[in-house]
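Coordinate inspection notes
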Amino acid sequence: MKNDKIDRIIDKHGCEPSSLIQILLEIQSENHWLPKEALEKVSKKLKVPLSRIQHIATFYKAFSLVPKGRHEIHICMGTACHVRGAPRVLDTVKDLTGIKPGETDLDLKFSLETVNCLGCCALGPVMEVDGKHHGRMVPAMTADVLRNYD
Amino acid sequence: MARINSPAELEELRKGILSKRDPNKRCITLCSGSACHASSSEEVAVSIEEEIKKQGLSAEVDFRKTGCHGFCERGPIIVIHPEEICYLQIEPEDVPEIVSQTIKENKVIERLLYTDPSTDEKIIHESEIPFYKNQERLVFGSNGNIDPKSIDDYLALGGYSALAKALSRMTSGQVLEEVKKSNLRGRGGGGFPTGRKWEESRNAPGEIKYVIVNADEGDPGAYMDRSLLEGNPHSILEGLTIGAYAIGSHEGYIYVRQEYPLAVENVTIAIKKAEEYGFLGKNILGSGFDFTIKVHQGAGAFVCGESSALMTALEGRAGEPRPKYIHTAVKGVWDRPSVLNNVETWANVPLIINKGADWFTQIGTEKSKGTKIFSLVGKINHTGLVEVPMGITLRDIIYGIGGGIPGGKRFKAVQTGGPSGGCIPEELLDLKVGFDELTKAGSMMGSGGMIVMDEDTCMVDVARYFLDFLTDESCGKCVPCREGMRQMLKILTNITKGKGKEGDIELLEELSEVAGDASLCALGRTAPNPFLSTLRYFRDEYEAHIREKRCPACSCKELISYYIDPVECKACMACLRKCPSEAIVGGKNLIHVIDQDKCTKCGTCFEVCPPRFAAAKKISGEPVPSPIPLEARVIVRESKEK
């Protein structure tokens, strides 16, 4: 991530330590993960110790300290999806991609995450790939969906 | 836009907006909430716009992308005004017909209407569909009529009149008294009286005070706050501003999950518009009252729904709760008095100010007033958001509005209150919904998630699911929650895997007691509820898992097996082709057999086996019958020719 981009984000939030989370969120959304250099820069500019930034970056689920794959798979594990069979969908996706939730495969093709509710319970179980929702999933359908991504 | 400087100017503006609107002009409203968005309402919107232009109707018909209509099961939804013709499950291909038939020719398209499953009758009007007919949509009703990005739409429906009334005709004390009198209780979980919380903050020492909207809706299966914030953001801003006036605050925050990008977008636009019109900022409506609102995005932590954790997060730190010997209403954000209420609570405030506490208290039960929005999800025919008066029975919600359980299955339980709540069994279906009634049944109101479960749901697995969720979300600050949950999860997981032993239930009860008594915040204190309530009503399921290694609902993977009944199997190859692990042996005219060593128990065979054969079976607690010998697997079909 370019230095001036980080500067721009920090300046936008007025260089306030109370905006730390908002700044990290914006870096995360632009860059898809938080590189160490970016965190050091934020630490210096906001005068917040790096340890506190690390605390926040590991506490909240939105942040990643490792690079993400080209395609992000989110499997909804909300209660409605759970009772409609989401665990079986997750198991099949784990088998197909060879990665567990929170992991990225070696080719940086897929990252797999579970989420706690995507708020479209009528479509459950839901699998979201790069922001596109695939509803009413059953294990047999997952392979067909994932085949469309490379 | 020039600022509005007095209530009189606001009324002038409203008149101006209304005079430009012909109530008899055709208007197509399309649900564009997140759920419909996921079922491609955006594509439908594009084709509506194109089709109106193509058929030369731009002058005769308005088109409005609204917030969530609630009936998510049948989205995307179109309602055509003024007749209120409601079309469900619209696809882009349907649009040309809708425009040419209904808009041009005034003809109703039968196949897009709702069909009553019991009478096969087609229902034309939205309000007559049983899902809507039995609701009382006071807070949520406007969602389907306004474009959330347009402040004029909100003003046309009387928006900001409550704020004008409060600022011009009531003292801040009178506003507080009205809210106290209404007995409004917090819609986010605990049901604490809103007026009392406000009063505590109003009386707390300090010049600077804050009001905050809690939109960190984290309960899995609950999405009403998101739909309100996405669909009608001004109603929340108006409520928040009135609350700020009552307690003497000049700064407000909206804490919203970053997972809700549309809510963030719509509420940010709404704040900007409200500032332009003068409903926010300095000297609001000429009253001398100043108030500003900032949006803070949550970075994903369930515990931040808890008041003290949320306030810590607002300060830009990791959202860990603190003991609340001193309420946050007295010492909250930066140790200043802070009132935190849920989205739905704030949205109720303008209604109470406009229509009065006496009107509000007529709705509901003795101790729970007003209405509540529930997200009715899970094994239910009509998934969606429903707003009902307090005091309605669970049966009326699940069967009257929700249309019962799909697939002719039997109702088992309804889970309310999210991870802090519990499961309510069939025998309590006639329970009246209210804060205290639900707590007495071992559950709670919570933010309004209502997850329906049928006979295929294992209650031990449900308890394990919530413990798994909470273990993951525990912030780790206090030991009873951090360690207690972990041990409970371990034991429950063992039980669902058939490794449960005698004494496990008692140990779980003991751990529940400690976590319930000694945890720092409500997350830990209520965490044992899913276990305790399922144990209370479904003890037999726990015992079956532990003693017989059997899952009565045939749901726990380690305790079930799939097998194909050789008598029923017609060798149709459906399961054989679909099995992802190639565990099915067989062929054309050869009865199929599951290789148990290869089977991953994904359940695909069970799902694809044609119901008229129903040969694939799920069994638990009994050994898999050994496969029939090879030579007996050949099916000799009778020749079709005689």
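What counts and how
- Here the residue index of a chain counts from 1 through its sequence in written order.
- Chain A is the first chain written and ligand 1 is the first ligand written, with later ones labelled in order.
- The predicted nature of this model means local features are confined to residues of pLDDT at least 70 and side-chain atom pairs, given and counted, to a pLDDT of 80 or more, with totals for whole chains, interfaces and linings taken over all residues.
- Helix and strand assignments come from DSSP, with helices taken as H or I runs of at least 4 residues and strands as E runs of at least 2, each series counted from the N terminus.
- The atom set for the radius of gyration is the C-alpha atoms, and the globule formula is 2.2 Å times the number of residues raised to the power 0.38.
- Labels follow a simple rule on C-beta atoms placed from the backbone: if 20 or more others lie within 10 Å of a residue's own, it is buried; if 12 or fewer, it is exposed; otherwise it is partly exposed.
- By the convention adopted here, residues are in contact when the distance between their C-beta atoms, placed from the backbone, does not exceed 7 Å.
- Each residue receives one of three labels: charged for Asp, Glu, Lys and Arg, nonpolar for Ala, Val, Leu, Ile, Met, Phe, Trp, Tyr, Cys and Pro, and polar for the others, Gly being one of them.
- Per the annotation, domain bounds derive from an automatic or database assignment of domains.
- Strands are labelled as partners when DSSP assigns at least two bridges between them.
- Helix axes use the C-alpha atoms of the stretch in contact, all axes being lines fitted to C-alpha atoms, and the angles between their N-to-C directions lie in the range 0 to 180 degrees.

So, the overall build of chain B
When its secondary structure is counted, chain B shows 24 helices and 19 strands. Taking 2.2 N^0.38 as the reference for a compact globule, 642 residues should give roughly 26 Å; the C-alpha atoms of chain B span a radius of gyration of 28 Å, in line with that estimate. Along the three orthogonal principal directions, the C-alpha set of chain B runs to about 90 × 70 × 40 Å. Of all 642 residues assigned to chain B, the portion counted as buried reaches 54%. Here the contacts in chain B between residues at least 6 apart in sequence split such that 72% fall between residues at least 24 apart.

Here's the deal with the interface of chain B and chain A
One frequent convention defines the size of an interface as the accessible area lost when the parts assemble. Opposite the 41 residues of chain B that make contact, chain A presents 35 residues. At the level of elements, α2 (34–38), β9 (292–298), β11 (371–378), β15 (449–454), α18 (459–473) and α24 (604–608) of chain B are the ones that each hand at least two residues to the side of chain B that touches chain A. Looking at the side of chain B that touches chain A residue by residue, the class counts come to 16 nonpolar, 19 polar and six charged.

Re unusual backbone geometry
Here the bond from G124(A) into P125(A) is cis, since omega is -10°, no more than 30 degrees from zero. Within the secondary structure, P125(A) sits in the loop between β2 (110–115) and β3 (127–129). The phi torsion at N106(B) lies on the positive side, around 60°, for a residue other than glycine. When you line up the elements, N106(B) lands in the loop between α4 (95–105) and β5 (114–115). Note on N106(B): 10 C-beta atoms within 10 Å, which makes it exposed. For A614(B), which is not glycine, the phi dihedral falls at a positive 45°. Mapped onto the elements of the fold, A614(B) is located in the loop between α24 and β19 (616–620). A residue is classified by how many C-beta atoms lie within 10 Å of it, and A614(B), with 12 of them, is exposed.

Considerations on the domain arrangement of chain B
All names here are of chain B. On domain assignment, one finds that chain B holds domain 1 (25–81 + 85–124), domain 2 (151–361), domain 3 (371–454), domain 4 (459–547) and domain 5 (559–633). A separation of 34 Å is found between the C-alpha centroids of domain 2 and domain 4. Taken together, the contact between domain 2 and domain 4 spans eight residues of the former and eight residues of the latter. Taken together, the residues of the side of domain 2 that touches domain 4 sort by class into six nonpolar, no polar and two charged.

Observations concerning the sheet that holds strand β7 (residues 210–215) of chain B
Residue and element names in this part refer to chain B. Read across the open sheet, the four strands follow the order β9-β8-β7-β10; overall the sheet is parallel. Strands with a single pairing partner mark the edges of an open sheet, and in this sheet they are β9 and β10 (338–342). Along the sheet, successive strands turn relative to each other by an average axial angle of 20°, direction set aside. Examined bridge by bridge, β7 and strand β8 (residues 251–257) share six bridges and lie parallel to one another. Looking at the pairing, V213 lines up with I254 of β8. In the packing of helix α14 (residues 343–355) onto the sheet, contacts are made with β7 and β10, and the angle to β10 comes to roughly 95°.

A closer look at the environment of I397(B)
All names here are of chain B. One can find I397 in helix α16 (residues 394–401). As a C-alpha pair, I397 and S368 span 29 residues in sequence and 17 Å in three-dimensional space. Setting aside chain neighbours within four positions, we find I397 in contact with F374, L376, V386, V388, I392, G402 and M450.

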